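# Coordinates in review
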Amino acid sequence: MQYFTAKQAAEHLGVSLQTLYAYVSRGLLHAEPGKTHRDRRYRASDVERLATQRTRGRKPKEVVKAALDWGMPVLESSITLIEDGRCYYRGRDALEMAQTASVEAAAAWLWQCDEASAFGDDATASFKRLVADWPVMLLERYRERRAEDALLPAFTVASDDASTAIWQRDPVRVAQGSAELLRTMTACLLGTLPSHAPIHEQCAAAWGVKDAEGADLIRMALVLCADHELNASSFTARCVASTGASLRAAIVAGLSALTGGRHGGTTARNEAMWDEVGEIDTAARMRERLARGEKLPGFGHHLYPAGDVRASAMLARVLPAHPAWQTMLDAADALIGQRPSLDFALVAVRRHLGLPVGAAFGLFALGRTLGWIAHAREQRESTQLIRPRAAYVGARPAPSLAEGA
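- You'll find the chain entered in an unreviewed UniProt entry as citrate synthase (unknown stereospecificity), with Pandoraea oxalativorans given as the organism.
- In UniProt, the chain has this text filed under Sequence similarities (unreviewed entry): "Belongs to the citrate synthase family."
- The annotation that UniProt attaches to the chain under Pathway (unreviewed entry) is "Carbohydrate metabolism; tricarboxylic acid cycle; isocitrate from oxaloacetate: step 1/2."

As structure tokens, this is what we get:
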């Protein structure tokens, strides 16, 4: 990784050292320790990004265009912070939460509601109706299909709008309705009836994971998938929620976005790559993929230049049992200089536990449901419709006869 000294960074930005230090204090630039305790160094990529942003700041059109491509923030949110290579849920380190927090506790934290009110054992009337009206026969058609294909239609059929409609303002009912949507997603993924049992235990039982350590790994994965700021699916969910639609509608929208190959669908692409490169001559086969013009899905993340900390946390519990898998990580680092992302780690967890093919996407979707609900609920607090303008670049209308006269 290339670095600038303070003097070099200031010269590159065209500012004084005092202004450079002001950028650091305002959080626009990150300083790292240098060779001595007084020295500071700055990543060249960070300096380049700030220089680009300062240039765009004088060009409004460029600012708007860049904001939608890993650019400047476009919405205010108090849910997730990604900073200095770490991820925080409402101020709490996501990795620390994932060590012990249940899925239900993480959901209550993200939704800012009482866990007992949302997930209490006392079944609400609506939950009883959910179980009684569960469309078992209708959902049978999706039982043998991978989660990437089955989860969206299954959840759309099985879920209901009433408990989380915009007119439902009672906070306890909204919390219970949110929990019911999460349980509905769980049942659709697993092909089971909705249950009050802890969600990670439901997953472990349905997938035949017998040991407590395996069940705990599922819990950890779900908590680490819970939210990740304004990713494509969460932004989509917020757009839908801003129209006044139900939380259920926002989840359907978020799940639709997640199925795309550039988002949650990356898990399926990584599965296919894993099958191709195998565990023999792995590095050579990965090099052949690159030579054919194919990518290595599941590696690299714009927000984690030093590596996705969520992936590292999960892989730390998986790799000791599979030393051959480390070869794939080392090869990707050597070939493209990138570390594994969340998608790769979910596939590793899926293979380590012997879960059904497609369960990596299922874990992603089920965990991210917590975040979609959190974003939709937060968006409801604003009366503003998310409605950006388009920068039209097509053919201009022909002049009218009146204008030519």
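### A closer look at the pattern of salt bridges
- In total, this model carries 19 salt bridges according to the counting rule given.
- Across the salt bridge formed by R289 and E294, the nearest N and O atoms sit 3.3 Å from each other.
- Here E294 ties to R292 by a salt bridge, and the two come within 2.9 Å at their closest N and O atoms.
- Classification of E294 as partly exposed rests on a relative accessible area of 32%.
- Ionic contacts of the salt-bridge type, sharing partners, join the residues E271, D275, R350 and R351 into one network.

### So, the nonpolar core
- Ranked by size, the top nonpolar core spans 102 residues in total, and within it W111, L182, W207, I218, L255, F299 and L346 carry the most contacts.
- Broken down by element, the residue count for this core peaks at 12 residues, all from helix α21 (residues 359-380).

### What about helix α17 (residues 282-291)?
- Those residues of α17 that fall on the buried side of the exposure criterion are T282, M286 and R289. Along the axis of α17, the buried residues cluster in a sector spanning 50°; they form a single face.
- Contact partners of the buried residues in α17: α16 (266-277) and α19 (325-336).
- Note on α17: the residue one or two positions beyond its end, G293, has a positive phi of about 90°.

### Overview of the domain arrangement of the chain
- Domain boundaries in the chain define domain 1 (3-57) and domain 2 (103-385).
- Once you take the C-alpha centre of each, domain 1 and domain 2 turn out to be 37 Å apart.

### Re the sheet that holds strand β4 (residues 80-83)
- Taken in spatial order, the 3 strands of this open sheet run β4-β5-β6, and their pairing is antiparallel. At either margin of the open sheet sits one strand with a lone partner, and together these are β4 and β6 (92-93).
- Here 4 bridges tie β4 to strand β5 (residues 86-89), and the two strands are oriented antiparallel to one another. Of the residues in β5, the one forming a bridge with I82 is C87.

### As for a nonpolar patch on the surface
- A surface patch of nonpolar side chains, amounting to about 320 Å² of accessible area, comprises V136, M137 and L193.
- For L193, the position within the fold is in the loop between α11 (171-190) and α12 (199-206).
- With relative accessibility at 47%, the residue L193 sits in the partly exposed group.

### Brief notes about the side chain of D46
- Of note, D46 is situated in helix α3 (residues 44-56).
- A polar side-chain atom of D46 sits 3.1 Å from a polar atom in the side chain of R49.

### Overview of the packing of helix α15 (residues 247-258) against α21
- At a minimum axis separation of 9 Å, α15 and α21 run at an interaxial angle of 135°. In terms of orientation, α15 lies oblique with respect to α21. Taken as a pair, α15 and α21 cross one another with a handedness that is right-handed. Of α21, the residues touching α15 (which contributes L247, A250, I251, G254, L255 and L258) are F361, F364, A365, T369, W372, I373, A376, R377 and R380.
- Considering only residue class, the contact of α15 with α21 consists of 11 nonpolar, 2 polar and 2 charged.

### Brief notes about the packing of aromatic side chains
- Counting across every chain of the model gives 4 aromatic pairs.
- An angle of 20° between the planes, with centres 5.8 Å apart, marks the rings of W111 and F119 as stacked. Judged on exposure class, the residue W111 and its partner F119 are both buried.
- Centroid distance F299 to F344: 5.0 Å. Interplanar angle 50°. Geometry classified as tilted. Note that F299 is positioned in the loop between α17 and α18 (309-318) and F344 in helix α20 (residues 342-353), a separation of 45 residues in sequence.
- The buried category is assigned to F299, whose relative accessible area is 7%.
- On the basis of relative accessible area, F344 is assigned to the buried category, the value being 1%.
- Linked through ring pairs, W274, F299, W325 and F344 together constitute an aromatic cluster.
- Of note, R92 hangs over the ring of W109, and the distance from its end group to the ring centre comes to 4.9 Å.
- Across the ring face of F127, the terminal group of R183 is positioned such that the distance to the ring centre comes to 5.5 Å.

Calculation rules
- Along each chain, residues carry numbers from 1 onward, in the same order as the chain's sequence is written.
- Two thresholds apply to this predicted model, a pLDDT of at least 70 for residue-level local features and 80 or more for giving and counting side-chain atom pairs, whereas whole-chain, interface and lining totals are computed over all residues.
- Each side-chain value is worked out from all heavy atoms of the structure, with water and hydrogens disregarded.
- UniProt positions are given in the numbering used here, feature names are shortened, and annotations may be inferred rather than shown by experiment.
- What counts as a salt bridge is simple: a side-chain nitrogen of Lys or Arg found within 4 Å of a carboxyl oxygen of Asp or Glu.
- Only protein chains enter the accessibility calculation, which uses a 1.4 Å probe. A residue is then buried if its area is under 20% of the maximum for its type, exposed if over 50%, and partly exposed in between.
- Among the buried residues, those of types Ala, Val, Leu, Ile, Met, Phe, Trp, Tyr and Cys that are joined through side-chain atoms within 4.5 Å form a nonpolar core.
- Helix and strand labels come from DSSP, where a helix needs a run of H or I of at least four residues and a strand needs a run of E of at least two; each type is numbered from the N terminus.
- The arc in question is the one spanned by the directions pointing from the helix axis to the C-beta atoms.
- By definition in these notes, contact holds between two residues if any of their heavy atoms fall within 4.5 Å.
- Either an automatic procedure or a domain database provided the assignment from which the domain bounds are taken.
- At least two bridges found by DSSP between two strands is the condition for calling them paired.
- What makes a patch is a set of residues exposed beyond 30% relative accessible area and free of salt bridges, joined within 9 Å when like-charged and within 5 Å when nonpolar (Val, Leu, Ile, Met, Phe, Trp, Tyr).
- To be clear on the numbers: accessible area is Shrake-Rupley with a 1.4 Å probe, and residue cover counts the displayed protein chains and nothing else.
- By the criterion applied in these results, polar contacts are pairs of N or O atoms within 3.5 Å in which, for protein atoms, one can donate a hydrogen and the other can accept it, and in which residues neighboring in sequence qualify only through two side-chain atoms.
- Here an angle of 0 to 180 degrees is reported between the N-to-C directions of two axes, which are lines fitted to C-alpha atoms, with helices fitted over the stretch in contact.
- We call two directions roughly parallel when the angle between them is under 35 degrees, roughly antiparallel when it is over 145, roughly perpendicular when it lies between 65 and 115, and oblique otherwise.
- With the far helix as reference, a near helix turned anticlockwise by less than a right angle produces a left-handed crossing, and one turned clockwise produces a right-handed crossing.
- All residues other than Ala, Val, Leu, Ile, Met, Phe, Trp, Tyr, Cys, Pro, Asp, Glu, Lys and Arg, Gly among them, are scored as polar; the first ten of these are nonpolar and the last four charged.
- Pairing of aromatic rings covers Phe, Tyr and Trp, the last through its six-membered ring, and needs centres within 6.5 Å; plane angles under 30 degrees mean stacked, over 60 mean edge-to-face, and all others mean tilted.
- By definition here, charges over rings are those cases where NZ of Lys or CZ of Arg is within 6 Å of the ring centre and within 35 degrees of the ring normal.

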